[in-house]
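# A structural walkthrough
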Amino acid sequence: MADTKREIERKYEVPGAPDEHFELPDLLKVPGVAAVIEKGVVELDAVYYDTEDQRLAADKITLRRRTGGDDAGWHLKLPVALSEGVRDEVRAPLSAQVPRALAGLVRSRVRDAELVPVVRLLSSRDVSHLTGADGELLAEVCVDAVRAERPGGQGSAAWTEIEVELADDGDPAFLGKVEKRLRKAGVDRSGATSKLARALDETGAGEGAQKADAEAPVTAGDHVLAHLRAQRDVLVELDPAVRRDLPDSVHQMRVAARRMRSAFKTYKKLLDPAVTAPVAEELKWLGGELGIDRDREVLTERLTARIDALPRTLLLGPVRGRLRIWAVAQRHGSRRHTVALLDGKRYLALLETLDALLTDPPLTPRAGKPAAPVFVKAALKDQARLATRVEHALSLAPGTDRDLALHEARKAAKRARYAGEAAVPALGKQAKKFGKEMKAVQSLLGDHQDSVVAREALRHLAIQAHAAGETAFTWGLLYGQEQAAAADRERELPEVWRSAAEADLSAG
């Protein structure tokens, strides 16, 4: 079983040759430090794993098997805010092979490639604890004498560095105080993001660990490809977050899939539809499968909020307990489904297909045109499509047919919103404003659709309660509230749409 620890640390260069003796400056002079407690020297032996072409290192991810110290085992470090030295360290017990849980967390990067040892680091770590007036741990300071060795004796390097790791729940500002003291002693921040990065660089093994900087987009095709690459990267980066069940991760991953699919449709005159259409279908499949988990999450939150808002006198029967049982049953199935999805061959094949498409994009001759007019025309076309659907929905009487038509309008609003947002790099503020107007329509129609789905769930919960001999009063009351909420959204739609219909990208 893997566990996770949020790590906030900073690394520093130790001046002088690696074999020179180094002593820390007097850290008692750091504000807030009451004692510096020496914990002794520990010998660490860490083997770092990656693919042959160093896909993990390219994304600033480290995977190691380490012995020695009080945290021996497998450690996977995922960047959270790399510029601030914040990473999530996921740990697993020692084993001969990469633990399955950790292998899953890097699968979107690794795919079917083998994880192999790329470098070994032998560190002699001198540990000190900085404590406050009440004896609480403020930070751990380590002076590491490091030797890096590539497999097969292909290269080696040695250096000494300082790590300052903030205590759990510590104030990040404290690291700045320690840094100020170290700088006065001539110690500067390390240029490497991790020991692994430095080891690969200094042993000559780091050529594959660098990502080429993207060129600034110029043509319409350039801008579309930059947008698609950004969304592909979001898919890959969110994969481990979804596996770890982090908040909003499923939703954001689903949005990335939708944005790519929408872009293929909106900019079909720039990218050959014969090539992109099958990819769009796979993205539709992925979004639908992820929706099983996300839709359950949204629905549970909505029903819980409804119940919480009711006076206790209107909560008749075991309402909260029944909802909790229903939610757990739904979640167990959907959660397991999502993880199986990410482990499946179809999903990994989609990631490979996206990489191939973006490496050799099927651009049409129109892709070479200036970006601004192309983006304006495409977004306004999506806006016109939305207008047709909204007007059709408003022409229908309240009921099932109108609900379905409003749901279709919501999809069109989402596509128009994405078109506006994708155009921001090329068109600027006008596109941003356009996207916000489309989002307002999407949000209103989204709330309407959520009410439609909630009513169906409430009906099933009422049936279950009745079958169990419980009163269905509260479920019926909530059903009525959702009906009223949907009616409110329908009354608000004409005014919200009027504002969105006036959004004009051609003025940008």
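In short, a report on the structure. Because the structure is a prediction, the values reported are computed rather than measured. (Residues numbered from 1 in each chain as written. Predicted model: local features only at pLDDT ≥ 70, side-chain atom pairs only at ≥ 80, totals over all residues. Heavy atoms only, no water.)

So, about the overall build of the chain. The number of helices and strands found in the chain is 15 helices and 9 strands. Considering only C-alpha atoms, the chain reaches an extent of 85 × 65 × 45 Å along its principal axes. The proportion of buried residues among the 508 residues of the chain is 47%. Expressed as a percentage of contacts within the chain between residues at least 6 apart in sequence, the contacts between residues at least 24 apart total 73%. Working note: accessible area of the chain is about 24,700 Å², and carbon and sulfur atoms make up 52% of it. (Helix = DSSP H or I, 4+ residues; strand = E, 2+ residues; numbered from the N terminus. Buried < 20%, exposed > 50% of the residue type's maximum accessible area, 1.4 Å probe, protein only. Contact = heavy atoms within 4.5 Å. Areas by Shrake-Rupley, 256 points an atom, 1.4 Å probe, with all protein chains shown as cover.)

If a probe as big as a water molecule is rolled over the atoms, it shows which places are left empty. Size it by volume and the largest pocket reaches roughly 1,100 Å³. Counting only elements with at least two residues in the lining of the largest pocket, the list comes to helix H6 (220-243), helix H7 (249-266), helix H8 (273-309), helix H11 (371-394), helix H12 (400-422) and helix H14 (429-467). The dominant element in the lining of the largest pocket, judged by the number of residues it contributes, is H7, at 11 residues. Here the lining of the largest pocket is built from residues that sort into 9 nonpolar, 11 polar and 19 charged. (1 Å grid on protein atoms, 1.4 Å probe; cavity = no way out; pocket = protein on both sides within 12 Å on 5 of 7 lines; lining within 4 Å. Points joined across faces, edges and corners; volume = space filled by probe spheres on them. Nonpolar A, V, L, I, M, F, W, Y, C, P; charged D, E, K, R; others polar.)

On to the environment of isoleucine 37. Looking at the element boundaries, isoleucine 37 is found in strand S2 (residues 35-50). If sequence neighbours within four positions are ignored, isoleucine 37 has contacts with Val127, Ser128, His129 and Thr131.

Turning next to the environment of valine 86. Along the chain, valine 86 falls in strand S5 (residues 86-92). Separated by 31 residues in sequence, valine 86 and proline 117 place their C-alpha atoms 25 Å apart. Not counting residues up to four positions away in its chain, the partners in contact with valine 86 are Arg6, Glu7, Ile8, Pro79, Val80 and Ala81.

Our focus in this paragraph is H6. Turn by turn, an α-helix covers 3.6 residues, leaving residues three or four places apart pointing in a common direction. Here H6 contains 24 residues, and its C-alpha end-to-end distance of 36 Å stays within 8% of the 34 Å for a straight helix at 1.5 Å per residue. The sharpest bend along H6 reaches about 30 degrees and sits at glutamate 237, with the proline proline 240 one to four residues further on. Most of H6 is tucked away: 17 of the 24 residues are buried. Of the residues trailing H6, aspartate 245 is marked for its positive phi of about 65 degrees. (Expected span 1.5 Å × (residues − 1). Bend = angle between axes of the 7 residues up to and from the residue.)

Tallied over the full model, the rule gives 2 aromatic pairs. Between tyrosine 49 and tryptophan 74, the ring centres sit 5.1 Å apart and the planes meet at 50 degrees, which makes this aromatic pair tilted. Of this pair, tyrosine 49 sits in strand S2 while tryptophan 74 sits in strand S4 (residues 73-81), placing them 25 residues apart in sequence. The residues tyrosine 49 and tryptophan 74 share a single accessibility class, namely buried. Ring centres of tyrosine 267 and phenylalanine 375 lie 5.1 Å apart, and the angle between their planes is 50 degrees; on these two criteria the pair is classed as tilted. Residue tyrosine 267 is located in the loop between H7 and H8, and its partner phenylalanine 375 is located in helix H11; the two are separated by 108 residues in the primary sequence. Relative accessible area serves as the criterion here: at 0%, phenylalanine 375 is assigned to the buried category. (Phe/Tyr/Trp six-rings, centres within 6.5 Å; stacked < 30°, edge-to-face > 60°.)

Attention now moves to the pattern of salt bridges. As enumerated under the stated definition, the model contains 54 salt bridges in all. The residue aspartate 88 makes a salt bridge to arginine 244 at a minimum N-O spacing of 2.8 Å. Residue aspartate 88 is located in strand S5, and its partner arginine 244 is located in the loop between H6 and H7; the two are separated by 156 residues in the primary sequence. Owing to a relative accessible area of 5%, aspartate 88 belongs among the buried residues under this scheme. Residue class for arginine 244 comes out partly exposed when judged on its relative accessible area of 21%. Among the salt bridges present, the one from glutamate 179 reaches arginine 183, with a minimum N-O distance of 3.1 Å. Here glutamate 179 and its partner arginine 183 are both found in helix H4 (residues 173-184), 4 residues apart, which amounts to about one turn of the helix. Here glutamate 179 falls in the buried class, since its relative accessible area comes to 9%. (Salt bridge = Lys/Arg side-chain N within 4 Å of Asp/Glu carboxyl O.)

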